[in-house]
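Residues per chain, in single letters:
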Amino acid sequence: MSQKILLTSKEVNIILHRLACQLIEKHLDFSDTILIGIQPRGIYLAQRLKTLLEKEYHIADISLGFLDITFFRDDFRRTDKPLEANRTQIDFIVEDKKVIFIDDVLYTGRSIRSALTAIQSFGRPSEIELLVLIDRRFSRHLPIQPDYRGRQVDAINNEKVIVSWQEQDGVDAVYLVPTSNTAENE
């Protein structure tokens with residue numbers, strides 16, 4: 001399988017710092033802001049940003065949660081594979097807070113639509129923003145756009161964007177790979 005490197009480890013690190021600075025510019029001390037990593041792959045980006053904000057930029061007490069959207073997706077019954085849900089971990093109040101959804105790849109927008117529905121179980125945020133590492137801008141099925149994006153990618157439908165994280169895969173990198181009629185997850 002031929003793959004093209006979109007982002008190296010060094011480039012991912014630079015983008016993470018830029019995204020952290022953009023968040024600080026808008027949210028300052030994060031006292032009314034919470035980060036929500038979208039399960040499964042958005043959690044690595046969310047954890048990495050929280051660590052950067054705390055250790056490099058000295059912002060204390062950042063609330064971080066993880067949101068499982070498996071049963072909120074509009075396509076969850078369209079597969080023959082058994083569903084494996086992830087754990088939602090939100091142990092703080094969402095009501096009247098600024099929520100930043102964090103995911104690795106924005107593709108069709110369906111995962112984010114699902115997250116918008118799922119978060120309502122935890123209260124009504126005062127506002128919701130979206131941060132993604134990769135924005136596949138020509139693939140949207142829904143009118144959803146990121147507020148913060150690491151890199152915009154123009155990939156065609158028979159290409160898949162793969163984000164590798166040090167914590168999960170042993171390396172930070174983003175690849176563009178050809179697919180063989182398999183559906184890409186967001």
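This text gives an overview of the structure that appears in the document. (Residues numbered from 1 in each chain as written. Predicted model: local features only at pLDDT ≥ 70, side-chain atom pairs only at ≥ 80, totals over all residues. Heavy atoms only, no water.)

Okay, the sheet that holds strand β2 (residues 33–38) next. In spatial order, the strands read β3-β2-β4-β5-β6; together these five strands make up an open sheet with parallel pairing. Strands with a single pairing partner mark the edges of an open sheet, and in this sheet they are β3 (63–67) and β6 (148–153). In this sheet, neighbouring strand axes are inclined to one another by 25° on average, regardless of whether the strands run parallel or antiparallel. Two elements, strand β4 (residues 98–106) and strand β5 (residues 127–136), share eight bridges in a ladder whose sense is parallel. (Pairing = 2+ DSSP bridges. Helix = DSSP H or I, 4+ residues; strand = E, 2+ residues; numbered from the N terminus. Axes fitted to C-alpha atoms, helices over the stretch in contact; angles between N-to-C directions.)

If you walk through the whole model with that rule in mind, you get 11 salt bridges. K97 serves as the salt-bridge partner of D32, at 3.9 Å between the closest nitrogen and oxygen. Residue D32 is found in the loop between α1 (9–27) and β2, and its partner K97 is found in the loop between β3 and β4; the two are separated by 65 residues along the sequence. Taking relative accessible area as the criterion, D32 reaches 43% and is therefore assigned partly exposed. The residue E54 makes a salt bridge to K50 at a minimum N-O spacing of 2.8 Å. Highlighted residues: E54 and K50, both in helix α2 (residues 42–55), separated by four residues, approximately one helical turn. A network of salt bridges, in which partner residues are shared, links K26, E127 and E129. (Salt bridge = Lys/Arg side-chain N within 4 Å of Asp/Glu carboxyl O. Buried < 20%, exposed > 50% of the residue type's maximum accessible area, 1.4 Å probe, protein only.)

The next subject is the side chain of R140. In this structure, R140 sits in the loop between β5 and β6. Engagement of the side chain of R140 in a polar contact is seen with the backbone oxygen of Y107, the distance being 2.8 Å. A distance of 2.5 Å separates a polar atom in the side chain of R140 from a polar atom in the side chain of D135. Here R140 is in contact with L106, Y107, T108, G109, D135, Q145 and P146, once residues within four sequence places are set aside. (Polar contact = N/O pair within 3.5 Å; in protein donor to acceptor, adjacent residues only side chain to side chain. Contact = heavy atoms within 4.5 Å.)

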